[in-house]
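Chain by chain, the residues:
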Amino acid sequence: MNHRSWRTRLILISLAVLTLIGAVATGASAFVLLQLGRIERHELADVLTSAPQQPVTAADVLIDQSRTAAANPDSATAGDGASIGDDASGDDAVLGEQDEFSGSSSAGNLAAGEPVLPGGPDGENYLLVGTDSPLGLAADDPLRAGHSDQNRLADVMMVIRLRDDGTAAMMSIPRDLAAEIAGTSDIAGTGVIAKINSAYNRDRTTAARAARLIDTVEENLDITLQHFVEADFQAFLRLVDAVGGVEMTFDRPLRDQPKENATDPTESRSGFVTGAGTHVLDGRQALAYVRSRHLEEQLPDGTWQRHGAWNDLARTDRQRGFMRTAAAQVAPALLANPINLLAVLDIAADHLSTSDTLSIVNDGRRLADKFAGLDVDVDVEDYELRVVDVHDPVRWSLGLDPLRAEHNQRVLDVFRGIGWDDIVESRVRVQVTGTARHQVAARLSELGFDAQAAGPMPEGISHAPEGTVVYLAPQGRLAAGLLVSHLLPVPDFAGHAELDATTVILHIGDEPPRIDPGYRRVDVPPADQLAP
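All figures in this text were calculated on a predicted structure; none of them were measured in a lab. (Residues numbered from 1 in each chain as written. Predicted model: local features only at pLDDT ≥ 70, side-chain atom pairs only at ≥ 80, totals over all residues. Heavy atoms only, no water.)

Novice: Help me understand the overall build of the chain in this model?
Specialist: A count of helices and strands for the chain gives 15 helices and 26 strands. For the chain, buried positions account for 51% of its 532 residues. Restricting to contacts in the chain with at least 6 residues of sequence separation, those with at least 24 account for 70%. Element-wise, carbon and sulfur atoms account for 49% of the exposed surface of the chain, whose accessible area totals about 24000 Å². (Helix = DSSP H or I, 4+ residues; strand = E, 2+ residues; numbered from the N terminus. Buried < 20%, exposed > 50% of the residue type's maximum accessible area, 1.4 Å probe, protein only. Contact = heavy atoms within 4.5 Å. Areas by Shrake-Rupley, 256 points an atom, 1.4 Å probe, with all protein chains shown as cover.)

Structure follows, in structure tokens:
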């Protein structure tokens, strides 16, 4: 799933601090090292989680028959619905007899039945946080409204997964998502439910705030985080100024809603006012624009009306639109001028903090090397959680949309190391029929399959086979292969045209197979070799 939106270009800005620092640090001078030494680092190594092993997918266990056939065009293949392995003499039999090319180097060492183990981590997750601390803003600045110097809400939260192959995935976490805040307890002894960004405003130090937010994100979204990076308001403001502003075009005059009792009707709450046409916004104006909560537009008759909805989702959409425009202008300006690179160093030193899991120089160099040729339209995947308004148990917040649960789980799976189209147990539906179907379905469910006992006979089959058979759709080899990788001995296979690609029927014969939590390589016949 690869949507070309503002976030696919925002990666250039989100990673600019580290990658550009790495590029500059390659020829580090005393000034550069001095600036890098000013970047605040927090002791979070014990809070952040080590990257887990890469999960096993169907593609890992299924033997690629095209490669085997290419290695030996004369090799015999099973047909007419026959099982690839008919040897069921013991629990250790997996595929029975292997063809003579199964272990050949020319076939890629595709020995049928060999164990498949999880791979090492294929990437790491970075939690990027933009905070709305007003530190550095003038005392009379409208952007200070409702904020104190001690107030540091996580205004923007994003998880970026940087993979070892040089690609990346991005996901925004809605700041108003209802979550159980880590390390809290209400009068009932359960965790306090609040908007997730409030986890960043319960402690006094940045390290403590970051630790609570990291735990809250990991516990509520069930993903692991390996690194933490935080930047505040001023980083945004100064970055825009460093490149000479951002050009924006407005169809109508806009303003944030005027202050109460304001003598000047254009004096707005956030300080944002603009006429129609094209304007270059400096850092201060840009910040006022993206943070406006009550934006109004002027009609031709001179009256003012609401511009869009006045809620945080609308404000987020407006921020996305600005970032889409800004990224196209800022990123090239940063990359084209060495003076701008040094400006980024200065901004980073003043407004950036990271976890102690990051080495600013070494990891910056590594990221700069890895993403030097990054094509954001091709190499960066952009994901979005589907949310709905909720009014309980908090006054108003967002919740993950229960009607889009499968979509949201696939999004989160990406940040667990599972590709959008990968076939894993949770994405395979198994209808278990025949003897011991309830016990077998329960055991498969423990392994993560969506397994249910369906009845004594497979639907659409007039005569139940005596042995164990897996029925699959013509496009169902991956789903069937993942299921069979856990079964000993390997059952027979048969076609079933009415199934979809991720649904299989497992009919249990007189002798139920042993279900192994481990994985073994399997060979599933192609559809044209399976009898119904």
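Structure shown, so let's carry the discussion forward.
Novice: Mind showing me how you'd approach the sheet that holds strand β13 (residues 295-298) here?
Specialist: Picture the strands of a sheet paired through backbone hydrogen bonds; they go either parallel or antiparallel. The strand order across the open sheet formed by four strands is β11-β10-β13-β14, and the pairing between neighbours is antiparallel. Each edge of the open sheet carries a strand with a single partner, namely β11 (273-274) and β14 (304-306). In this structure, strand β10 (residues 254-256) lies alongside β13, joined through three bridges in antiparallel fashion. When the sheet's bridge partners are listed, Leu254 is paired in β13 with Glu297. (Pairing = 2+ DSSP bridges.)

Novice: Just checking my understanding: could you explain the environment of Asn220 for this structure?
Specialist: Mapped onto the fold, Asn220 is located in helix α6 (residues 206-221). Judged by its relative accessible area of 32%, Asn220 falls in the partly exposed class. The spacing of Asn220 and Ala178 is 42 residues in sequence and 9.4 Å in space, taken between C-alpha atoms. Ignoring any residue separated from it by four or fewer positions in sequence, one finds Asn220 in contact with Ala179 and Glu180. A distance of 3.0 Å separates the side chain of Asn220 from the backbone oxygen of Glu180, its partner in a polar contact. A polar side-chain atom of Asn220 sits 2.8 Å from the main-chain carbonyl oxygen of Thr216. (Polar contact = N/O pair within 3.5 Å; in protein donor to acceptor, adjacent residues only side chain to side chain.)

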